[in-house]
Amino acid sequence: MKTTKDYLLAVESSCDETAASVVKGERRIISNVVSSQIDIHSCFGGVVPELASRHHIVNIVPVIREALNRANSLDKDFQGFSNLKGIAVSSGPGLVGSLMIGLQTVKGMCLATGLPLVGINHLEAHLEAIYAVQIESTEDLLEDLPPIIQSPYVALLVSGGHTLLINVKERGRYNVVGGTRDDAAGEAYDKVAKMLGLGYPGGVVIDKLAREGNPRAINFPRALPGRKHRDFSFSGLKTAVRRHLQQNGVPKSGIELNDLCSSFQEAVVDVLIQKAAFAMEDEKATTLVLAGGVAANSRLRERAAQLARERGWRVAFPPLSLCTDNAAMVAVAGARRFNEGRFSDLSLDAVCRSLPGNDM
Ligand SMILES: Nc1ncnc2c1ncn2[C@@H]1O[C@H](COP(=O)(O)OP(=O)(O)OP(=O)(O)O)[C@@H](O)[C@H]1O
Ligand SMILES: [Mg+2]
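As a starting point, this report considers the structure included with it. What you are looking at is a predicted structure, and each value in this text was computed from that prediction instead of being measured. (Residues numbered from 1 in each chain as written. Chains lettered and ligands numbered in written order. Predicted model: local features only at pLDDT ≥ 70, side-chain atom pairs only at ≥ 80, totals over all residues. Heavy atoms only, no water.)

## Quick look at the site of ligand 1
The environment of ligand 1 is formed by 23 residues, the closest being Ser159, Gly160, His162, Asp190 and Asp325. Between ligand 1 and Gly160, the relevant distance is 2.9 Å, taken from an oxygen atom to a main-chain nitrogen or oxygen of the residue. Here an oxygen atom of ligand 1 and a side-chain polar atom of His162 are 2.7 Å apart. Protein chains bury 92% of the 640 Å² of accessible surface belonging to ligand 1 in isolation. (Near = heavy atom within 4 Å. Polar contact = N/O pair within 3.5 Å; in protein donor to acceptor, adjacent residues only side chain to side chain. Areas by Shrake-Rupley, 256 points an atom, 1.4 Å probe, with all protein chains shown as cover.)

## Observations concerning the state of the cysteines
This model, assessed by the stated rule, comprises zero disulfides. The thiol of Cys323 is not disulfide-bonded; the next cysteine sulfur, from Cys15, is found 16 Å away. Note on Cys323: relative accessible area 0%, which makes it buried. (Disulfide = S-S within 2.5 Å. Buried < 20%, exposed > 50% of the residue type's maximum accessible area, 1.4 Å probe, protein only.)

## Focus: unusual backbone geometry
A cis amide bond links Gly92 to the next residue, Pro93, at an omega of 0°. Structurally, Pro93 is set in the loop between strand S4 (84-92) and helix H3 (96-113). Of note in the backbone geometry, Leu224 takes a positive phi value of approximately 45° without being a glycine. Of note, Leu224 is situated in the loop between helix H6 (203-210) and helix H7 (235-248). Given the relative accessible area of 17%, Leu224 is considered buried. Its identity as a non-glycine residue notwithstanding, Lys284 has a phi of 55°, on the positive side. Mapped onto the elements of the fold, Lys284 is located in the loop between helix H8 (254-282) and strand S10 (287-291). (Helix = DSSP H or I, 4+ residues; strand = E, 2+ residues; numbered from the N terminus.)

## Concerning H6
Residue pairs three or four apart in sequence face the same way in an α-helix, which turns once every 3.6 residues. Turning to H6, its buried residues number three or more, namely Ile206, Asp207 and Ala210. Relative to the axis of H6, the buried residues are bounded by an arc of 105° and lie together on one face. When the buried face of H6 is taken as reference, the exposed residues oriented beyond 90 degrees from it are Val204 and Lys208. (Arc of directions from axis to C-beta.)

Keep in mind these values describe shape, not function.
Structure representation (structure tokens):
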């Protein structure tokens, strides 16, 4: 039987998700397995790095095996390692202990098989999630691919560790034009959720409660307003929520809790949308892309779509399942890098901080 070497395996372990995915060609995701550690970290109100690393060690081989098996069940042409052209892995930014588990596992596989190693910047992977096409059945494999989002565009990358405005001149070329001076938007969600006793991660829960609340019930501050500032700041908002809770007590449920979540969320989303609009105007862009875990937020998506409608811009979001950490986004970024012949060597190291575009 003829073997098609048009598949790439990708691994992601930068925080508390252990994930593996197989992509066919450049964009067809034929398996996407994510093992989350939420239950382990939830009672601590945030990720405990040492626990995250230990659980990656336990999970990584079963997750990779599952991704290879699912790829084979969906696409009979895929037989496993013999069809792979390379292996991609997130090498940062993230928790170094967590990254090392994915990195060392992939390096071992590359060493054993001779397959090329493709190091991927985790933030670049978040941005590349919009190109992924999830294949659900064998029939889907035969469908034409949807058109690709055309660059240039401005991306608002909002995740647990980052809040960035990026001018993407062309795919793979990034110019950061704004960022947070303190907390990331996702971090603010998680910290406010912790104050409210809503567990970790907080974004999804606050998003859900906020839908039932009044966004104007409490007037929380919007930091660094106006066109003069390209940057974000969420620490003052976090303090304002803390003060409100000290003065009024922590609502356990009902309208009070919904109003608080809704007012906090509106303060975050107002600033994200205002700065994104300024960046779009300044960069003369006509397409706005949202990426990262907070891009799953229903209010942010709604407001971004409304903004785009009003201005005659296009807006694009990854599917909900590809906003938070996953390996499908690493696979798509990896397939592009592979095609460009940009491989890494076995000295590839884990880095806790870097920006998209920093070479791996
Ligand atoms: N619906 C939602 N609304 C708001 N925030 C959300 C939603 N869903 C997830 N989040 C937030 O997204 C964050 C997780 O996103 P992601 O996985 O991209 O972050 P990370 O990988 O931890 O950080 P980074 O990518 O910066 O290293 C969490 O802070 C979580 O609360
Ligand atoms: Mg992430």
